[in-house]
Amino acid sequence: MWDSTFAESSDRSEKQVSGAEVIAQALKTQDVAYMFGIVGIPVTEIAVAAQKLGITYVGMRNEQAACYAASAIGYLTGRPGVCLVVSGPGLIHALGGMANANMNCWPLIVIGGSSERRQETMGAFQEFPQAVRSSIYGRPGPCYVDIPADFVNFQVNVNSVKYVECCMPPPVSMAETSAVYMAASVIRNARQPLLIIGKGAAYAHAEEALRKLVEQCKLPFLPTPMGKGVIPDNHPNCVAAARSRALQFADVIVLFGARLNWILHFGLPPRYQPDVKFIQVDICAEELGNNVKPAVTLLGDINAITKQELASPKSLPMNYYTVFYHVQEQLSRDCFVVSEGANTMDIGRTVIQNYLPRHRLDAGTFGTMGVGLGFAIAAAIVAKDRNPGQRVICVEGDSAFGFSGMEVETVCRYNLPIIILVVNNNGIYQGFDADSWKEMLKFGDSTAVAPPFCLLPNSHYEQVMTAFGGKGYFVQTPEELQKSLKQSLADTTKPSLINIMIEPQSARKTQDFHWLTRSNI
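Since we're looking at a predicted model, the values are computed, not measured. Each chain carries its own residue numbering, running from 1 in the written order of its sequence. This being a predicted model, a pLDDT of at least 70 is required before a residue's local features are given, and a value of 80 or more before pairs of side-chain atoms are given or counted; all residues contribute to the totals for chains, interfaces and linings. Note that water and hydrogens are dropped before the side-chain values are worked out from all heavy atoms of the structure.

Participant: Sorry if this is basic, but what is going on with the pattern of salt bridges here?
Facilitator: When a carboxyl oxygen of Asp or Glu lies within 4 Å of a side-chain nitrogen of Lys or Arg, that pair is called a salt bridge. Throughout the structure, instances matching the rule amount to eight salt bridges. One salt bridge in this structure joins glutamate 215 and arginine 211, with 3.2 Å as the shortest N-O distance. Of this pair, glutamate 215 and arginine 211 both sit in helix H9 (residues 207–216), separated by four residues, roughly a single helical turn. Exposure remark for arginine 211: the relative accessible area of 33% places this residue in the partly exposed category. Note that glutamate 439 is salt-bridged to lysine 442, the shortest N-O span being 3.1 Å. Members of the salt-bridge network, linked through shared partners, are Arg61, Glu409 and Arg413. Each helix is a run of H or I in the DSSP string that is no shorter than four residues. Each strand is a run of E no shorter than two, and both are numbered from the N terminus. A 1.4 Å probe rolled over the protein chains alone gives each residue an accessible area, and that area as a share of the maximum for its type sets the label: buried under 20%, exposed over 50%, partly exposed in between.

So this is what it looks like as structure tokens:
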């Protein structure tokens, strides 16, 4: 690349060029447009030279994040990004990014400085090899009134007749709050839930509430013959075309005004799984528990109970699915989505949608945690150059955020259009709420009694963002999440971090094939 002998013998009056400038120009000539790193002896000059030639230089806080960012550039642009590091510890910190790029087959150039050649093998500074009334009250039904024959023609004074006023509409009865919460919990932990909509739901005029429940929770439904039309048969969540299979493989079935009679094969095997859980929603107490022992019973007006189920997430701690449902509703189709974390990334992959290629970055082939903020920074840099105004949504588990949280300073320093969502369950996979944590510590020091997967409850990660001048939000309800995300998307002047508290024991639905995660924790 550079003949030192020629340089030394050239006319001193000729324009001089440094090795840093030669390296920068060589990169520029190869259409390398982005460089990430942490400067130090002896690579500072390379960063300066690269900037002078128009190569975008982003100074990071950790070489590992810098290397993840540089490798993401390679994936996003097709040209390698450069990671600039010092030798020794700098290079060692970059190894994670290098291995990740290698497994993902992403182009990357890592440039590291080393000691002077004359000090090789001498122990020089940082030296290291490179490298949810009777006839009408209660359950509606017939009412028999027996009138003797003589009464039929019997004459009485009109004024002697007293008429009873029209009875009021039947009272709307709701289910016990605890039963509603229990039903919500069973449903959200189901692997293959199914709603069966009977004519009781049609009578209750529950169509609007049921439609909202189906769509908000993304639940499949099967109408009974007279339950058809409560939600249109052409709704994408209707599984009537696969009725037998839907009944046979469901692990949780919610009956909305539907009876387990011959039409539904009495709720018994082999049409159903032997261990299927039934949740019965009915206005008639006598109907509850017929043929099967239900996991949960909800006695009352079907329309009212459905609304209770819809409202339950407002009272219960959110879970991953609740969070991602509300996030997905507000994201633009062209935003970059960066995701990492165990349950956070796995569930996010199935719920958060992408519509354009090269707009999702996650742990990739190597399953590397800690890539999030580096990837997000890279995507934001590309977005600023190619499509100003395009947003980057970085979805992090609370554990994953810990790997590169200080890169928030980098995000704020360059005022990048990044919205960080920390889905916080107080732990790695699962955690404990604050009260349980305090109770646990009564039995000893945290190093001895706290399970290894626990993190400090209710950590205010949003304050990391506010500390550097960005916007921080601490949210606990769907309404707070919707509001903070809306504000963050509308404010293009500064980055933001939304710390989203979810149920500590929240987890992904049980996997059918769990070879990858055999832990019983």
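Structure's up, so let's keep going.
Participant: How do you make sense of the sheet that holds strand E7 (residues 252–256) when you look at a structure like this?
Facilitator: One key point about sheets: their strands pair by backbone hydrogen bonds, in either a parallel or an antiparallel sense. Two strands pair under a simple rule: DSSP has to find at least two bridges between them. Spatially, the five strands line up as an open sheet ordered E6-E5-E7-E8-E9, and their pairing is parallel. In the strand order of this sheet, the two ends are held by strand E6 (221–223) and strand E9 (296–299), each with one partner. For this sheet, the mean inter-axis angle between neighbouring strands, taken without regard to orientation, is 15°. The pairing of E7 with strand E8 (residues 277–282) spans five bridges and is classified as parallel. Angular values range over 0 to 180 degrees, each being the angle between N-to-C directions of two axes fitted as lines to C-alpha atoms, with helices fitted over their stretch in contact.

Participant: Would you mind showing me how to read the nonpolar core here?
Facilitator: The nonpolar side chains of a soluble globular protein tend to be buried with one another. In these notes, a set of buried Ala, Val, Leu, Ile, Met, Phe, Trp, Tyr and Cys residues joined through side-chain atoms within 4.5 Å is what counts as a nonpolar core. Core analysis: the biggest nonpolar cluster contains 45 residues, and Phe36, Ile377, Ile418 and Ile420 have the highest contact counts within it. At 10 residues, helix H14 (residues 372–386) tops the list of elements feeding residues into this core. Should any heavy atoms of two residues lie within 4.5 Å, those residues are counted as being in contact. In this view, isoleucine 418 contacts Ala376, Ile377, Ala380, Val392, Cys394, Val411, Pro495 and Ser496; residues no more than four positions away in its chain are not counted. Judged by nonpolar contacts, the second largest core, of 31 residues, contains Leu195, Val252, Val296 and Ile305.

Participant: Is there a simple way to explain helix H5 (residues 89–104) in this structure?
Facilitator: For an α-helix, the turn length of 3.6 residues means that residues three or four places apart are oriented alike. What a helix should span is 1.5 Å times the count of its residues minus one. Taking 1.5 Å of rise per residue, the 16 residues of H5 would be expected to cover 22 Å, and the 24 Å separating its terminal C-alpha atoms lies within 8% of that figure. The largest bend along H5 measures about 35° and falls at leucine 95. Buried within H5 are the following residues: Gly90, Leu91, Ala94, Gly97, Asn100, Ala101 and Asn104. On the buried face of H5, the contacting elements are helix H4 (63–77), strand E3 (81–85), strand E4 (108–112) and H14. Think of it this way: the bend at a residue is just the angle between two axes, each fitted to seven residues, one set ending at that residue and the other starting at it.

Participant: Any chance you could explain the side chain of serine 488 here in plain terms?
Facilitator: Note on placement: serine 488 falls in helix H20 (residues 478–490). Classification of serine 488 by relative accessible area gives buried; the value is 1%. Not counting residues within four places of it along the chain, the set of residues in contact with serine 488 comprises Arg391, Ile419, Tyr473, Ser496 and Ile498.

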